[in-house]
Structures are given as structure tokens and as C-alpha cells.
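What the coordinates show
In case you want the letters, here they are:
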Amino acid sequence: MKKRVIVTGGAGYIGSHTVIELVNAGCTPIVMDNFSNSTKEVLVGLHGILGFEPEVEEVDCADRSALLAAFERIAEDGSIDGIIHFAAFKAVGESTQLPLKYYANNIASTVNILEAAQQHGTTEVVFSSSCTVYGQPEAIPVDESAPMPSAESPYGYTKQACERIITDFAASGYPLKAALLRYFNPIGAHSSSLIGELPLNHPNNLVPYLTQAVAMLRDPLTVFGDDYPTPDGTCIRDYIHVMDLAKAHVAALDWLGKQSTACEAFNLGTGEGNSVLEVIQAFERATGVTVPHRIGPRRAGDVTAIFADASKARRELGWSCNFSLEEALRDAWNWQQALGA
Ligand code: WQD
């Protein structure tokens, strides 16, 4: 698949891993990032894995004129065959404290990207969405037909809103073909340990906090509640290896190339649910290292349980997960150790 693909947020966690898989598939990724939530060290890691540094445009996707100018520069060197749009703020808790920051950035960047796509005749767009759009689903595993309740955070609402913006644009007459990829819980890192999840401050997510606690960089892990209606009382999530997630983006782009029209959502998860305590036990099995942890109070906003029915992605994209939870946790730990080295 020889496509030139703009990867907004390409220096981020999922974006950088997707850049690797795009190159592996024969594509030419162009990283577009303002490095507001990533560091240029990621480019060094990408160079180490790829043997070259991908083309980079340092730009804020929410700055309309700067973004359109960046697209002009990129278009001078050839067609823009596709866009994978990751660039967004994604901290659920922060979004409730700074809603305007999230609305201004996440929604404006998506509108700007679509305008730029239209200006350059780019019709294939893959959008980074989230299982957060489902809130607490009625039935689990959750499939793409599940209703979207009123979002429980401004972050979640920006994902719902951006899906709607893309859907409306695809129905407006412009021949946009879009894949809306709803991630469950991405974890792990590239096997080289040259790139991985780089929380630039206190990690909100379970696995980066867990590995930092094991590395004695943080207090022991607090398990946010063990009184949920689940087998062991802790919340259940669908933890998917970031490399499996990256491969799904390539499969989605390939799929779009074969469609005449498309605007489809796909759940990207393993289809398995694991509780917090099960993650801790899997980490200890995978690494032989004990996780210092204690049980604490519930975290506001957490849903009890959610995991994916990923059969649509398997059926339509020909994609499925290769890595197990233990392999993902092993790779997360290897990455944490490489950071500390
Ligand atoms: C997982 C489980 C916590 C930290 C979020 C976003 C979602 C997506 C993925 C962007 C929960 C528990 C966590 C800790 C804990 N991000 N936990 N102690 O909340 O499922 O999803 O990240 O798209 O949109 O909502 O992920 O990793 O924060 O939490 O017990 O120190 O781990 O209660 O049950 P979450 P998470």
C-alpha cells in the first residue's frame, strides 16, 4: 500500500507506533505534531527502529492557518493519500477542569483537518476515537450499534462530537471515506523499547502508573475501589497492545482504499475483559516482579465494566489482536526499565 499519509499527533503514544506499522506496510508517514504532549525524543526512537527519521511538520492542528499552510508544504512533494488524525488532548479528569481547552483543541483540529483534506482532494480519513463514547454500556461486550449516551466528560463529548462532524462531512457531498476507530485501553510498547507511553506528568492510566510504582518512582498503586459488582470487586476493562492497535489503523486505511463510500465505526479491543486485580496478577506472572499496591476509594467517573465486541473489525478489516495481556504488560515493563536506564 504505497500511500503518503499525514499522521497528526504522530509523535504521541499510539501515533508513533502507527508510524512504524505504516512504514512496515509500504506507506510514507508524515508526522504532524506540536509536541504539546510528546517530546522530540520520540523521533530518535522512531529513527532507531526505522533506520531513518520520518518527515515531520511541527504545527498546531487547532491553528487553522498554520495547519493549512503545512498541508500546502506537504502537497508540494506529492499527493496526500490519507490522514490519520490522532492529535487531541485525552485526559478525562483534566477535561472536566478545563473543558474549553478540550473543546477548542479537539474539535477545532478535526474541523481544520477536514477542511485541509477537502482543499487537497484527500478522501481517506482515519479518526482516533474511544470507547468512552459508550459511557457505561447496557450490554457488554459492547458493539458499534450500542447507543451513545450523553458523554460523562468533556473529553468523551469531544470524541462524540468529532465522530458526528466527520459523519456530517461525509454526507455533505464531499467524497470523504472515514473510519472511526474506537479504542479500548491501549497498553504496552514496541518490542525494541525505543518508543512507548510517555506520560509527561502524573500518569492517570493504570498501566503507566503501575510500572512507575514497580520502578519505585511513585507511591504504591492505589486500586480505585474493590466494591464494584464484578467477580473480584474491581473494574473491568479491555486492555489492547498498542502494536495491535497500530496495525488496525493500517488495516482501516487499506480498507478505505477499497470502498467507494464509507463512514464506519470500529471497536478496537481484544474482546476480553480483565479486572484491575487481574492486570496486577498478569503483570506479576509476566515479569516475576511484585506490584506494590493497596485498595483505595473509587475514582469518580469510572464505569464498572466495559470490553469490546470486536467482530466487526475482524470481519470488515480482516484485523484481530495478536498479543496477550501478559505480553503487553511485559513490553510495558521493558519500556519502563529502558526509560530508567
Ligand atoms: C483503567 C482501570 C481505574 C489508575 C481512560 C479513558 C479512555 C481511554 C483510556 C483515551 C479503571 C483503574 C487506574 C490507578 C486504578 N483514553 N485504575 N488505579 O479510565 O478505563 O480509560 O483511558 O481514549 O478514554 O477514559 O483507563 O487506565 O485510567 O483506568 O485502579 O492508579 O484502572 O479505576 O478501573 P480508563 P485507566
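What comes next concerns the included structure.

Each value, and the rule that gives it
Residues numbered from 1 in each chain as written. Predicted model: local features only at pLDDT ≥ 70, side-chain atom pairs only at ≥ 80, totals over all residues. Heavy atoms only, no water. Near = heavy atom within 4 Å. Polar contact = N/O pair within 3.5 Å; in protein donor to acceptor, adjacent residues only side chain to side chain. Areas by Shrake-Rupley, 256 points an atom, 1.4 Å probe, with all protein chains shown as cover. Helix = DSSP H or I, 4+ residues; strand = E, 2+ residues; numbered from the N terminus. Nonpolar A, V, L, I, M, F, W, Y, C, P; charged D, E, K, R; others polar. Buried < 20%, exposed > 50% of the residue type's maximum accessible area, 1.4 Å probe, protein only. Contact = heavy atoms within 4.5 Å. Axes fitted to C-alpha atoms, helices over the stretch in contact; angles between N-to-C directions. Parallel < 35°, antiparallel > 145°, perpendicular 65-115°, else oblique. Left-handed = near helix turned anticlockwise from the far one by under 90°. Expected span 1.5 Å × (residues − 1). Pairing = 2+ DSSP bridges. Salt bridge = Lys/Arg side-chain N within 4 Å of Asp/Glu carboxyl O.

The subject of this paragraph is the site of the ligand. Close to the ligand lie 18 residues, the nearest being T132, Y155, L206, R237 and D302. With respect to the ligand, the side chain of T132 contributes an N or O atom lying 2.4 Å from an oxygen atom. Residue N185 places a side-chain N or O atom 3.0 Å away from an oxygen atom belonging to the ligand. For the ligand, whose free accessible area comes to 690 Å², the fraction covered by protein is 90%. The greatest single-element share of the shell around the ligand, amounting to four residues, is contributed by strand 8 (residues 221-224). Residue composition of the shell around the ligand, grouped by class: nine nonpolar, six polar and three charged.

What follows covers the side chain of T211. When you line up the elements, T211 lands in helix 7 (residues 206-214). We classify T211 as buried; its relative accessible area is 4%. In this view, T211 contacts F283, A332, W333 and Q336; residues no more than four positions away in its chain are not counted.

Moving on: the packing of helix 1 (residues 13-24) against helix 2 (residues 41-50). Remark: helix 1 packs on helix 2, axes separated minimally by 11 Å, with the N-to-C direction vectors making an angle of 25°. When the axis of helix 1 is compared with that of helix 2, the two are roughly parallel. In the crossing of helix 1 with helix 2, the sense of the turn from one axis to the other is right-handed. Counted together, S16, V19, I20 and V23 of helix 1 and V42, L46, I49 and L50 of helix 2 form the full contact between these two elements. Looking at the contact of helix 1 with helix 2 residue by residue, the classes come out as seven nonpolar, one polar and no charged.

Now for helix 11 (residues 325-340). Taking 1.5 Å of rise per residue, the 16 residues of helix 11 would be expected to cover 22 Å, and the 23 Å separating its terminal C-alpha atoms lies within 8% of that figure. All buried positions along helix 11 are accounted for by L325, A328, L329, D331, A332, W333, W335 and Q336. Among the structural elements, strand 7 (185-187), helix 7, strand 10 (239-241), strand 12 (274-275) and helix 9 (276-287) are those in contact with the buried residues of helix 11.

Time to look at the sheet that holds strand 1 (residues 4-8). Either a parallel or an antiparallel arrangement is found when strands of a sheet pair, and the pairing is made through backbone hydrogen bonds. As summarised here, the arrangement of the seven strands in space is 3-2-1-4-5-6-11, forming an open sheet in which the pairing is parallel. Either end of the sheet is taken by a strand with one partner, and the two such strands are strand 3 (55-58) and strand 11 (262-268). Within this sheet the neighbouring strands show an average axis-to-axis angle of 20°, counted without direction. Summarising the sheet, strand 4 (residues 82-85) and strand 5 (residues 124-130) pair through three bridges and their orientation is parallel. Bridging across to strand 5, H85 finds its partner in F127.

Tallied over the entire structure, the rule returns 16 salt bridges. A salt bridge links K258 to D254, with the shortest nitrogen-to-oxygen separation between them at 3.0 Å. In this structure D254 comes out as partly exposed when scored by relative accessible area, which is 30%. The residue R330 makes a salt bridge to D331 at a minimum N-O spacing of 3.0 Å. For R330, a relative accessible area of 34% gives the class partly exposed. By relative accessible area, which is 5% here, D331 ends up buried.

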